[in-house]
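Listed below are the residues making up each chain.
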2 protein chains.
Amino acid sequence: MYRYKITFAYDGTNFVGFQIQPHQRTVEQTLKTIVNRMAKNPTPPLSVIGSGRTDAGVHALNQVAHFDLPTLIPEKSMMRALNSQLPLDIMVKKVELVDHSFHARFNAHRKRYRYRVRQGEFVDPFRRNYTAHYKYPVDVEKMNTAAQDLLGEHDFTSFVASGSQAKSNVRTIYEAKVWREESSGEICFDFVGNGFLYNQVRIMVALLLEIGNGQRPIADVKRVIAAKDRQEARMTAPAEGLYLVSVDYGESQEKD
Amino acid sequence: MYRYKITFAYDGTNFVGFQIQPHQRTVEQTLKTIVNRMAKNPTPPLSVIGSGRTDAGVHALNQVAHFDLPTLIPEKSMMRALNSQLPLDIMVKKVELVDHSFHARFNAHRKRYRYRVRQGEFVDPFRRNYTAHYKYPVDVEKMNTAAQDLLGEHDFTSFVASGSQAKSNVRTIYEAKVWREESSGEICFDFVGNGFLYNQVRIMVALLLEIGNGQRPIADVKRVIAAKDRQEARMTAPAEGLYLVSVDYGESQEKD
């Protein structure tokens, strides 16, 4: 068997999420169907293992998955074969033949997420599926300052949605940044961490927006983390603003 | 009765076009339903008159329409009332109370259309509904040079799709420009004219792309115009790249 690592983008709008759910359109099932067709539909079917799930409406710029095939297909040919069969809302950007020690989920080292917020009185029709809409004024610099309190290793129990199956809520955030993108005018939030809990990024963004709008003091990030209570961070920002930007497998043996 | 002029944007992806068609989702019907609801559904129903139709999948940044209501509602309140009832793929950007001599279709003086083309080997999932995909190399400068031959008054019979109900195929183009947008890398085609025939912009773009790719000489624009034969300009660029940018009602009494 040959192991293929694929890096791919998807528009999450018309998927109920990454993970397979019966009778629903998911990214995982869409990939799995094509990979199995390429292998002439073996029994049992081949699996496609993603780096992790994304929710309904959440997008990916560089999601990663792996699968095994009994045939050796050159990387470029595999990329073309996949893209020629995939629907237009998924695009494979890179294919790599990798060692069997590579595992898209277990070896994921760091992930980068971006969240996009658009202001203005009304929702822009062309950005409705690609940004969250927030019509109140916000102080971007204040949000960026507050975000720095998320850095480091913390118990993020205050930032996990019910339904999480994580054994531990301790995660490390390496980078947190909030800025206004010049070309689009959109507010971007970037977070790099060793993993994120269910809805963690969307809950962090909602808290930062409340700080940016002056509904909460900057110091609330520290207080909410310390509380370890989901009731403290009340809101969850909507799915459509969220992008999985990249998954890092620590190839460069960075030290943390 | 009070006459309201509205300027609005829409994402054409999920509409079968602007113009009402039975049992189909159209921009005109969506607006008409809301306007009639505001007037408590009179018999006969009120009409919403657009500046002109756009096809399925074609977008608008500033489409214009007018309608009459028996009640006087301040412009800002009308804008909020419409946006609060419209689906998120239509957004009203401006409301103006106008004289009864204003007619969105008959008084339209000039229209500006933009066409967006994205290159690259595969379709970008986030731009699939908002640009045409053209994977072959093109010379943008060459297309811009060729486009200048479209300027002026011509019989555009070679550039009209079958199904057109125009009495005359003579139209005037005031501006034609092709450039690569820096921020997106997309190729943009802008055309300003006193009116455009059915599919005219999409046929012009397809011809210019063939010139840009070297399949036709630059001089072909002149030759195809002179031929007055639809067979000469074979292709039609797809709907998803096309935007109605603005409709000019000659308020500034420009001379043509």
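Residues numbered from 1 in each chain as written. Chains lettered and ligands numbered in written order. Predicted model: local features only at pLDDT ≥ 70, side-chain atom pairs only at ≥ 80, totals over all residues. Heavy atoms only, no water.

Looking at an unreviewed UniProt entry, one finds chain A named tRNA pseudouridine synthase A and attributed to Limosilactobacillus alvi. According to the UniProt record, the Subunit (unreviewed entry) comment for chain A is "Homodimer." (UniProt positions renumbered as here; feature names shortened; annotations may be inferred.)

1. With respect to the overall build of chain A
What chain A contains, in helices and strands, is five helices and ten strands. Scaling as 2.2 N^0.38, a compact globule of 256 residues should have a C-alpha radius of gyration of about 18 Å, and chain A matches this with 19 Å. Expressed along its principal axes, the backbone C-alpha trace of chain A runs to roughly 60 × 40 × 35 Å. Counting every position in chain A, which comprises 256 residues, the buried fraction comes to 51%. A fraction of 69% describes how many contacts in chain A between residues 6 or more apart in sequence connect residues 24 or more apart. For chain A, the accessible surface area stands at approximately 11900 Å², while carbon and sulfur atoms represent 49% of it. Here chain A contributes 34 positively and 29 negatively charged side chains, and the mean placements of these two sets differ by 4 Å. (Helix = DSSP H or I, 4+ residues; strand = E, 2+ residues; numbered from the N terminus. Rg over C-alpha atoms; globule rule 2.2 N^0.38 Å. Buried < 20%, exposed > 50% of the residue type's maximum accessible area, 1.4 Å probe, protein only. Contact = heavy atoms within 4.5 Å. Areas by Shrake-Rupley, 256 points an atom, 1.4 Å probe, with all protein chains shown as cover. Lys, Arg positive; Asp, Glu negative; His and termini not counted. Charge placed at Lys NZ, Arg CZ, Asp CG, Glu CD.)

2. Topic: the environment of Arg3 of chain B
Residue and element names in this part refer to chain B. Mapped onto the elements of the fold, Arg3 is located in strand E1 (residues 2-10). Take Arg3: its relative accessible area is 12%, and that puts it in the buried class. Sequence separation between Arg3 and Met235 is 232 residues, and the spatial gap between their C-alpha atoms is 41 Å. Beyond its immediate stretch of four places on either side in the chain, Arg3 contacts His66, Phe67, Asp68, Glu96, Leu97, Val98, Asp99, His100 and Phe102.

3. Quick notes on the relation of the copies chain A and chain B
With an RMSD of 0.0 Å, the fit of chain A onto chain B corresponds to turning through 180 degrees and sliding 0.0 Å along the axis. Both chain copies can therefore be described as sitting about a two-fold axis. Every residue of chain A has its C-alpha some distance from the rotation axis, and the shortest such distance is that of Ser183 of chain A, at 3.6 Å. Taken as a fraction of all interface residues of chain A, those also at the interface in chain B reach 100%, which identifies the copy contact as same-surface. (Least-squares fit on C-alpha atoms with pLDDT ≥ 70 in both.)

4. Digging into the side chain of Asn169 of chain A
Residues and elements named next belong to chain A. Relative to the elements of secondary structure, Asn169 occurs in the loop between strand E7 (152-155) and strand E8 (170-180). Judged by relative accessible area, which is 18%, Asn169 ranks as buried. Reaching out from Asn169, the side chain makes a polar contact with the side chain of Thr157 at a distance of 3.1 Å. Excluding residues within four positions of it along the chain, Asn169 makes contact with His154, Asp155, Phe156, Thr157, Val160 and Leu197. (Polar contact = N/O pair within 3.5 Å; in protein donor to acceptor, adjacent residues only side chain to side chain.)

5. Quick word on the environment of Asp220 of chain A
Residues and elements named next belong to chain A. Tracing the sequence through the fold places Asp220 in helix H5 (residues 220-227). By relative accessible area, which is 7% here, Asp220 ends up buried. Taking the C-alpha atoms as reference points, Asp220 and Ala146, separated by 74 residues in sequence, lie 8.1 Å from one another. A polar atom in the side chain of Asp220 sits 2.7 Å from the side chain of Arg216.

6. Points about unusual backbone geometry
Thr43 of chain A connects to Pro44 of chain A through a cis peptide bond whose omega is -5 degrees. Secondary-structure assignment places Pro44 of chain A in the loop between helix H1 (27-38) and strand E2 (49-50). At Lys40 of chain A, a residue that is not glycine, the phi angle is positive and equals roughly 60 degrees. Tracing the backbone through its elements, the reader meets Lys40 of chain A in the loop between H1 and E2. One non-glycine residue, Lys228 of chain B, lies in the positive phi region at around 50 degrees. On the secondary structure map, Lys228 of chain B appears in the loop between helix H5 (220-227) and strand E10 (242-248). Of the residues examined, Lys228 of chain B reaches a relative accessible area of 47% and is grouped as partly exposed.

7. Considerations on the UniProt feature "domain: Pseudouridine synthase I TruA alpha/beta" (unreviewed entry) in chain A
Those places that UniProt annotates as "domain: Pseudouridine synthase I TruA alpha/beta" (unreviewed entry) correspond, in this numbering, to residues 9-107 and 146-249 of chain A. Helix makes up 22% of residues 146-249 of chain A and strand 28%, whereas the separation of the span's terminal C-alpha atoms amounts to 29 Å.

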